[in-house]
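Architecture and fold: a report
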Amino acid sequence: MKPHAPIEKQTLDATDLHHEAGPLALSSLPYETIALVLQGGGALGAYQAGVFEGLHAAGIELDWIAGISIGALNTALIAGNPPERRVERLRAFWERICQPAFFSVLPSTFEIAMFNHFDQVRTFLTASQAASAIMQGQRGFFVPRVPAPLPGVSDRPEKVSWYDTSALRATLLELCDFERINSGAIRVSVGAVNVGTGNFVYFDNTRMTLRPEHFMASGALPPAFAPVEIDGEYYWDGGVVSNTPLSEVLRAHPRRDTLAFQVDLWSARGPLPRTMANVTERAKDIQYSSRTRFVTDTLQREQRYRNVLRQVLDRVPEKLRKSDPWCIEADEMACGKKYNIQHLIYQQKEYEHHYKDYQFGLSTMRDHWSAGLTDIRKTLSAEGSLALPVNDAGFVTHDIHRAE
């Protein structure tokens, strides 16, 4: 195995990002909405923080952030801070929750030094990080529930879980300004599922006042975390139903020319499993990837039909278009708006296994962050990829890894 590139050498320079972003000025992109869409994936969420750092360095201003689970927590940190403090607060959050709740197994400098050696060492190190997360939890995030719930013993819904996440509420209140989140400067949507009805819902700051509980509910994955009570109803992690909020953004009304950066933490594509541990890992990948490419393919077909309908109606005489009931209804359905989806998918490393979503550790966190920064830099540097679509669907998707 080759030695792993030292984390500090993977940091990208913001001026390089501006310089290599291509001929299209990133500060004046021709879209009515620029959205960031964040999937759930626990400890892998640092990849999303790296992606955001790259967007921020490029001067891309977001109109809408939609997230689920850890993506919802990253959403709160971005929307809940002024632009100049967003990366700083993201880093403060991840530096905190990637430390053990009570005691460190290794000093952080020694841990990072070990991580920068060989895959065998990294595999051992990340396994120990995952074991630590199970045994003692993560600082400012969750700790084991004491006493632990017993099978068959009834208790209040907010007590029925292996871990207590009350520390997360304090962390969010410290690092996020909820008045800013609810100001409407950025539209915020976070997905959760109603435990009682099974219905998927989006908590959205255009429809309600968002509190820490809304973001915690979006990340309350059972049985590790208990449901969160909001206005008399209990909610679990949105990933139980769907882990990708892309359709919420692309099906919004009124329709708008939209550029969406879809950041996935699970890849639908992967190798056939050869061990039982591989089976667990692959099942997670498939379940939580939420068939993002199927969703984008479906939405692309829908938009093509709307665009074709728009083109046909433009050839119908105006008088008939305004008087014929079928034309009136068709006019409501037709749409000539443009959609550009920049798909960034975290690529699993050789040292990672089925516990990758809870292998919280400073070394792996920084590696994930760096990977996100690298990928968004490549994405923004691809010539012409951010331009308005010119095909008959008015809808395009770009994925640097698929292109490679």
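In the annotation of an unreviewed UniProt entry, the protein is listed under the name Patatin-like phospholipase family protein and assigned to Paraburkholderia antibiotica.

**Looking at the overall build of the protein**
Secondary structure summary: the protein contains 16 helices and eleven strands in total. Over its C-alpha atoms the protein spans a radius of gyration of 22 Å, differing by no more than 12% from the 22 Å that the globule rule assigns to 404 residues. Looking at the protein residue by residue over its 404 residues, the buried ones come to 51%. Across the protein, the fraction of contacts at a sequence separation of at least 24, relative to all contacts at a separation of at least 6, is 77%. Approximately 18700 Å² of the protein is accessible, and the part contributed by carbon and sulfur atoms is 57%.

**Observations regarding the packing of aromatic side chains**
The full count for this structure, using the stated rule, is 14 aromatic pairs. With a centroid separation of 5.5 Å and an interplanar angle of 40°, the aromatic rings of Trp266 and Tyr288 are classed as tilted. Of this pair, Trp266 sits in the loop between β9 (258-264) and α11 (276-289) while Tyr288 sits in helix α11, placing them 22 residues apart in sequence. Considered together, Trp266 and Tyr288 belong to a single accessibility category, that of buried residues.

**A short note on the pattern of salt bridges**
Inspection of the entire model under this criterion finds 21 salt bridges. Across the salt bridge formed by Glu95 and Arg366, the nearest N and O atoms sit 3.2 Å from each other. Separated by 271 residues along the polypeptide, Glu95 in helix α4 (residues 86-97) and Arg366 in helix α15 (residues 362-381) bring together distant segments of the chain. Asp367 is paired through a salt bridge with Lys349; the nearest N and O atoms lie 3.1 Å apart. Placement of the pair is Asp367 in helix α15 and Lys349 in the loop between β10 (339-345) and α15, with a sequence separation of 18 residues.

**Considerations on the UniProt feature "active site" (unreviewed entry) in the protein**
As annotated by UniProt and renumbered to match this structure, "active site" (unreviewed entry) occupies Ser69 and Asp237. The annotated residues occupy 169 residues of the chain but converge on a single region, no pair of C-alpha atoms lying more than 5.9 Å apart. With respect to the helices and strands, Ser69 occurs in the loop between β2 (64-68) and α3 (70-79). The contact partners of Ser69, leaving out residues within four places of it in the chain, are Gly40, Ser218, Gly219 and Asp237. On the secondary structure map, Asp237 appears in strand β8 (residues 233-237). Judged by its relative accessible area of 2%, Asp237 is buried. Setting aside residues up to four positions removed in sequence, Asp237 forms contacts with Ile68, Ser69, Ala192, Val193, Ala217, Ser218, Gly219, Ala220 and Leu221.

What counts and what doesn't
- Residues numbered from 1 in each chain as written.
- Predicted model: local features only at pLDDT ≥ 70, side-chain atom pairs only at ≥ 80, totals over all residues.
- Heavy atoms only, no water.
- Helix = DSSP H or I, 4+ residues; strand = E, 2+ residues; numbered from the N terminus.
- Rg over C-alpha atoms; globule rule 2.2 N^0.38 Å.
- Buried < 20%, exposed > 50% of the residue type's maximum accessible area, 1.4 Å probe, protein only.
- Contact = heavy atoms within 4.5 Å.
- Areas by Shrake-Rupley, 256 points an atom, 1.4 Å probe, with all protein chains shown as cover.
- Phe/Tyr/Trp six-rings, centres within 6.5 Å; stacked < 30°, edge-to-face > 60°.
- Salt bridge = Lys/Arg side-chain N within 4 Å of Asp/Glu carboxyl O.
- UniProt positions renumbered as here; feature names shortened; annotations may be inferred.

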